[in-house]
Structures are given as C-alpha cells and as structure tokens.
Amino acid sequence: MASQMREMDDFHEGIDAVAPDRKTRAGKIAEAFYRGHWLRGYIRGKLLADPVFDVALESIREKGGGVIDLGCGLGLLGFWIKIDGSPVSYKGCDLGGWKINEGRAAAQRMGYESMTLHEADLMEFPLENASVICAFDILHYLPEEQQGKLIRRLAQAAKEGSLVLLRNGVRECGWRSVVTLLEEWWTRCSGWISGGQINFPRLESLIAEFEKEGCLVEARPLWGKTPFSSYLLRIVSRH
Ligand SMILES: C[S@@+](CC[C@H](N)C(=O)[O-])C[C@H]1O[C@@H](n2cnc3c(N)ncnc32)[C@H](O)[C@@H]1O
C-alpha cells in the first residue's frame, strides 16, 4: 500500500515537473474544449501524465503519412500531433457521440482542418492507406472473438506496410492490474464510458497472436507516472 501511495505521489509530481512547453500545449488544447472545468482539467492531466502521446508522436514524426486512431475518445492524440505542427492527416473514430462532437468543435476552434473525427465502430473502420494505426486502451472493451478479429485486421494492415501501435492494460501485472480494473469500473459507474466489456488481454497471448499472423512485435511497459498496467506493442511486418 505504501509503495502504491508513493507511486501516486510520483504521478502528481510528474505533472508539476513537466517542461513548460508541454504544459502550454496541453493548456491550449484543454482551453479549446468549452464543456466545463472538469473536462479541461481531465484533458490537461491526461496529456501531461500519459506517456503514450509523446511516444506515438515520435513514431508519427519518423514515419510520416496518415494516422488512424481507433477508439480515439476526444481525439487528444490528434490535437497533440497537430499542436506539434505536423502536416500529417489524422482520422479518429469512437462510438461515444458526445466525445466526437466535443472533439470536432475543439478541432474547428483550433483550425485543424486535416483532423477528422467520426462517430463509428472501430471494428468496421477502414484501415487502408494508413501509415500509422493507433489503438490505445480499447482492446479490453471487446469480447474475445472481436479482439481476435481486430488483431487479424491490424496484422494484415502491418503486412501491407502500416506501423501499428497498440497500447493496453494487461492481466497478471500485480497491483497495477487491480488498479486498472478498478479504474475501468469507475468509468462505467460514472457514465464516462457506457457499455463494452471489461476483458483485459494477457500480454503473452497478444504477442503470440500477432507473431502467428506474420508480424514482428516489440513490447514494453508504458505506464509512465500512471498506476496502470499499460503495455505498448509496436507491430510491423516480419518481411
Ligand atoms: C479508455 S478510452 C481511450 C480513448 C483514447 N484512445 C485515449 O487513449 O485517450 C476507450 C474508448 O474506446 C471507445 N470504444 C470502445 N469500443 C469501441 C468500438 N467498438 N468502436 C469505437 N470506439 C469504441 C470508447 O467509447 C472510449 O472512448
């Protein structure tokens, strides 16, 4: 418990210790959302504390081309790419209609024309011609059969030349898996997210499934200052 509390302290210190430029960017993005203080606070905190945005941005800078973000929520990754001055196109999809509408309105206020948000099911969203496909914290919403189907689609896209970045909480990661599960329950109880399963995958099975489909997978923890069991998988074609 004491070590968990220390991790939470680190989490808050981490937000205070970030470079001013990152703080300014996160603040500007948050200010483009007019829905209320709570949402702006959430956006600022998420952009500053979650390392996935900078890691994805680095890969997108290297690879160039269009980005597809499956289960994009408010489209925060798109904002993080655009505020960096990147010319790449960004297309996000999510089933949460209010998030898509808020994200669209904010993107319009920021003048980000090459950023589009779609209210759509990620299982059906077209992946053709994407240079980088991001799927962050969405896999556990899907039943096992759909997880398998999505993995095969992503593997196919990787074999056609896309870089796939998949980040998700995983099972069997000690207290982090417990905190991740509690947080997921909270999102359902609070109404932040409605519906979907809570079905965290096993890291080894995920890697094995992509490898079986002919992909090369690099996996590493990516929880940063958060208390979650998040791993990032970087998936490319083996050939
Ligand atoms: C934990 S949030 C992650 C949001 C975003 N990827 C991020 O990292 O900030 C998961 C999102 O997946 C969305 N989602 C779940 N199932 C989906 C589906 N079948 N199609 C599209 N979006 C889905 C939810 O609405 C929710 O916004």
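Shown above is the structure to which this text applies.
Counting of residues starts from 1 at the beginning of each chain's written sequence and follows it residue by residue. Since the coordinates come from a predicted model, pLDDT governs what is reported: local features require at least 70, and pairs of side-chain atoms require 80 or more to be given and counted, while whole-chain, interface and lining totals use all residues.

Chemist: How should I be thinking about the environment of Ser131 in this particular structure?
Modeler: On the secondary structure map, Ser131 appears in the loop between strand E3 (115-119) and strand E4 (132-136). With 17 C-beta atoms counted inside 10 Å, the residue Ser131 sits in the partly exposed group. Separated by 43 residues in sequence, Ser131 and Val88 have C-alpha atoms that sit 9.7 Å apart. Contacts here follow a simple rule: the backbone-placed C-beta atoms of the two residues must lie within 7 Å. Contact partners of Ser131, with chain neighbours within four places excluded, come to Lys63, Gly64, Gly65, Gly66, Val67, Ser162 and Leu163. Helix numbering and strand numbering both begin at the N terminus, where a helix is a DSSP run of H or I of at least 4 residues and a strand a DSSP run of E of at least 2. Residues with at least 20 other C-beta atoms within 10 Å of their own are called buried, those with 12 or fewer are called exposed, and the rest are partly exposed. The C-beta atoms themselves are positioned from the backbone.

Chemist: So what exactly am I meant to see when it comes to the sheet that holds E3 here?
Modeler: For sheets, the rule is that strands pair by backbone hydrogen bonds, running either parallel or antiparallel. For two strands to pair, DSSP has to find at least two bridges joining them. With mixed pairing, 7 strands are arranged side by side in an open sheet as E3-E2-E1-E4-E5-E7-E6. One side of each edge strand has no neighbouring strand; the edge strands of this open sheet are E3 and strand E6 (215-221). Neighbouring strand axes in the sheet, compared pairwise and without regard to direction, differ in orientation by 15 degrees on average. Pairing of strand E2 (residues 90-94) with E3 involves 5 bridges; the strand directions are parallel. Within E3, the residue paired with Asp94 across the bridge is Glu119. Set on the sheet, helix H5 (residues 76-83) makes contact with strand E1 (67-70), E2, E3 and E4; between it and E2 the angle comes to about 165 degrees. To get an axis, fit a line to the C-alpha atoms, keeping to the stretch in contact for a helix; angles then go from 0 to 180 degrees between the N-to-C directions.

Chemist: Any chance you could explain the nonpolar core here in plain terms?
Modeler: Most often, soluble globular proteins have nonpolar side chains that are buried together. Formed by 57 residues in total, the largest nonpolar core has its most connected members in Ile133, Cys134, Ala135, Leu154, Val164 and Ile235. The residues contacting Val164, other than those within four sequence positions of it, are Ile133, Leu154, Ala157, Ala158 and Ile235. A set of buried residues qualifies as a nonpolar core if it consists of Ala, Val, Leu, Ile, Met, Phe, Trp, Tyr and Cys joined through C-beta atoms within 7 Å.

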